[in-house]
Amino acid sequence: MDFNSKFDIARTAEFIKNRGFHRVALQFPDELLKDSRRIVAALREELQSLSLCPPENLHEANLAQAFVQLYVMADTTYGNCCVDEVGASHVNAECVVHYGPTCLSPTSKLPAWFVFGKASINVKGCADSLFDCLSSSDKPILVIFGLEYEHAIGSVKEEMSLKSSALSGCRSKILYAEAKCSVMHPEKNSSTNSSSGQPEFVDCHDPCDSFEGCGSYSLGGLRWTLPHGGKMEDYLLFWIGPDNPAFGNIVLTYNACEIVRYDPMEDCLVKDKCHQKSILKRRYFLVEKAKDANIVGILVGTLGVAGYLHMIYHLKKLIEGAGKKSYTFAMGRPNPAKLANFAEVASLSLSLTHTHRLWNAYVTREGTLGHPE
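Predicted model only: the values in this text are computed from it and were never measured.

### Here we look at the overall build of the chain
Stage number 1. If you tally the helices and strands in the chain, you get 12 helices and 19 strands.
Stage number 2. In the chain, which comprises 373 residues, the share counted as buried stands at 47%.
Stage number 3. Residue pairs at least 24 apart in sequence account for 69% of intrachain contacts in the chain once pairs closer than 6 positions are excluded.
Stage number 4. Total accessible area on the chain stands at roughly 18,400 Å², and carbon and sulfur atoms take up 51% of it.

Here it is in structure tokens:
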């Protein structure tokens, strides 16, 4: 796949141009740092073609007034999946371009543009696995996926439309989730959606109006709407992606559903129910462990997600209502060695988003669980 296409260089440059930004922070996860120089070079070249990036010999004093300055952010304060507004504020950035896997948690101050990336996938192999599930199951199927495979969903739909013509009425049995839009404008929260504290998403191509009303669900950057009277328990969930924290969150949230996973790396269908049950058992064990704790620590896992203060306040009230004490901890890059200094804390509630990995000793309070909107 073409490098510029994989990282949406042209669309990113258009976003910067159309919004009139001059100081842009580019946030990379650890696994994409090796590509950051090429991405910056390609983005500079594209911006130069739009007359928005300075040539090499332009005096530095004129940069801020006429051209775009790009800043690379690495080693983010908390998690790679969230927009690092704390780091971006150090360079007075006007927006953040976020690369790689993301939870699409709402930002509190800065607008953000998300580049999911385009992971390789065998479209025909994926469609074959989906068709096998469709033929062998009497349940309707909900197709959900990692955001890095969003680019291939249209091709999967086309392949399935050819295959499903052999089975009468099977098209109506497949429902595809859609990725939330690539642009987030937190400055519109107060005027458009202040009651829910959620951001407004604006797509460059299609509006997101189709998700209004009852029966709409949102989880991990995806949205879908069930037909009238439909229930999640009635659907077989077909996950496209690796066994990662995003998949674990699907298992935890919709544990009453039958779930299968297509692994694009191995090009095979995985129906390992034992592994899914182990995720649930571990969760139940940690819940019971938290019930026995007298002191519960609230570990602040993010300062950049809108509504995190309300989440912490709500946790304190829940802990107080259960007759327990609570301590609040805020630290960048928390690890077991740091937290071992507080031996009196028997349980930790990690206030974060759903894509963070969890340590064995902690019970978490996820900030972005799927629920009817």
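### Points about the confidence of the model for the chain
Predicted coordinates in regions of low pLDDT should not be interpreted in detail.
Stage number 1. Overall, the prediction assigns the chain a mean pLDDT of 78, with 76% of residues at 70 or greater.
Stage number 2. Note that residues 61–65 has pLDDT below 50 and, in this model, seven contacts with residues that lie over four places away or in other chains.
Stage number 3. A low-confidence stretch, residues 354–373 (pLDDT under 50), is modelled with 76 contacts involving residues beyond four sequence positions or located in other chains.

### Re the packing of helix α6 (residues 123–136) against helix α7 (residues 153–164)
Stage number 1. It is at 9 Å that the axes of α6 and α7 come closest, and there the two elements cross at 50 degrees. Here α7 runs oblique to α6, going by the angle between their axes. Every pair of crossing elements has a handedness; the one defined by α6 and α7 is right-handed. Here V123, K124, C126, A127, D128, L130, F131 and L134 of α6 come into contact with α7, specifically with S155, V156, E159, M160, K163 and S164.
Stage number 2. Tallied by class, residues from the contact of α6 with α7 come to eight nonpolar, two polar and four charged.

### Re helix α2 (residues 9–19)
Stage number 1. All buried positions along α2 are accounted for by I9, T12, A13, F15 and I16. What you see down the axis of α2 is that its buried residues fit within an arc of 155 degrees, all on one side.
Stage number 2. In this structure, the buried side of α2 is in contact with α1 (3–6), β1 (23–27), α3 (36–49), β3 (95–99), β4 (112–115) and β8 (183–185).
Stage number 3. G20 sits one or two positions beyond α2 and adopts a positive phi of about 70 degrees.

### Re a positive patch on the surface
Stage number 1. On the surface, a cluster of positive charge is made up of K271, K273, K277 and K281.
Stage number 2. Secondary-structure assignment places K273 in helix α10 (residues 273–291).
Stage number 3. Relative accessible area serves as the criterion here: at 48%, K273 is assigned to the partly exposed category.

### Some thoughts on the sheet that holds strand β14 (residues 268–270)
Stage number 1. With respect to topology, five strands assemble into an open sheet ordered β6-β5-β12-β13-β14, the strand pairing being mixed. This sheet does not close on itself; its edge strands, each paired only once, are β6 (174–176) and β14. With strand direction ignored, the average angle separating the axes of adjacent strands in the sheet is 25 degrees.
Stage number 2. In the sheet, strand β5 (residues 141–145) pairs with β6 via three bridges, with the strands oriented parallel. Looking across to β6, one finds that I141 is bridged to I174.
Stage number 3. Contacting β5, β6, β12 (236–240), β13 (258–263) and β14, α6 crosses the sheet at an angle of about 170 degrees to β12.

### Things to note about the pattern of salt bridges
Stage number 1. Summed over the entire model, instances satisfying the criterion amount to six salt bridges.
Stage number 2. For R11, the salt bridge goes to D8, with nearest N and O atoms at 4.0 Å.
Stage number 3. Residue classification places D8 among the buried positions, given a relative accessible area of 16%.
Stage number 4. For the salt bridge of K291 with E288, the shortest nitrogen-to-oxygen distance reads 3.1 Å. Of this pair, K291 and E288 both sit in helix α10, separated by three residues, roughly a single helical turn.
Stage number 5. Each of D8, R11 and K118 takes part in a single network of salt bridges with overlapping partners.

### Here's the deal with α6
Stage number 1. With 14 residues, α6 ought to run about 20 Å at 1.5 Å a step, and its terminal C-alpha atoms sit 20 Å apart, in line with that.
Stage number 2. Along α6, the positions that sit buried rather than exposed are G125, C126, A127, S129, L130, F131, C133 and L134.
Stage number 3. Looking at the buried side of α6, the elements it contacts are β5, α7, β6, β12, β13 and β14.
Stage number 4. The N-capping residue of α6, defined by a side-chain oxygen 3.3 Å from the backbone nitrogen of K124, is N122.

Definitions and limits used
Every chain begins its residue count from 1, and numbering advances along the sequence as written. Thresholds applied to this predicted model are a pLDDT of at least 70 for local features of residues and 80 or more for the giving and counting of side-chain atom pairs; totals over whole chains, interfaces and linings are not thresholded and use all residues. For the side-chain quantities, the full set of heavy atoms in the structure was used; hydrogens and water were omitted. To qualify as a helix, a DSSP run of H or I must reach at least 4 residues; to qualify as a strand, a run of E must reach at least 2; elements of each kind are numbered from the N terminus. Think of it in three bands: residues with accessible area under 20% of the maximum for their type are buried, residues over 50% are exposed, and the middle band is partly exposed, with areas taken using a 1.4 Å probe on protein chains only. Contact criterion: two residues are considered in contact whenever any of their non-hydrogen atoms come within 4.5 Å of each other. Using the Shrake-Rupley algorithm and a 1.4 Å probe, accessible areas are obtained, with residue cover drawn only from the displayed protein chains. Per residue, pLDDT captures the predictor's confidence, and it can take any value from 0 to 100. The convention used is that axes are lines fitted to C-alpha atoms, helices contributing only their stretch in contact, and that angles between N-to-C directions extend from 0 to 180 degrees. Should an angle fall under 35 degrees it is called roughly parallel, over 145 degrees roughly antiparallel, and 65 to 115 degrees roughly perpendicular, with every other angle called oblique. The sense of a crossing depends on the near helix, which, turned anticlockwise from the far helix by less than a right angle, makes the crossing left-handed and, turned clockwise, makes it right-handed. Residue type decides the class: Asp, Glu, Lys and Arg count as charged, Ala, Val, Leu, Ile, Met, Phe, Trp, Tyr, Cys and Pro as nonpolar, and the leftover types, Gly among them, as polar. Directions from the helix axis toward the C-beta atoms define the arc. Exposure above 30% relative accessible area and no salt bridge define the residues that can form patches, which grow by joining like charges within 9 Å and nonpolar side chains of Val, Leu, Ile, Met, Phe, Trp and Tyr within 5 Å. Salt bridge, as used here, is a side-chain nitrogen of Lys or Arg placed within 4 Å of a carboxyl oxygen of Asp or Glu. His residues and chain termini do not enter the charge count, which takes Lys and Arg as positive and Asp and Glu as negative. By convention, the charge on Lys lies at NZ, on Arg at CZ, on Asp at CG and on Glu at CD. Criterion used throughout: strands pair if DSSP finds at least two bridges between them. Given the number of residues in a helix, its expected span is that number minus one, multiplied by 1.5 Å. Pairing of N or O atoms within 3.5 Å defines a polar contact, subject to two protein rules: one partner must be a possible hydrogen donor and the other a possible acceptor, and residues neighboring in sequence count only if both atoms are side-chain atoms.

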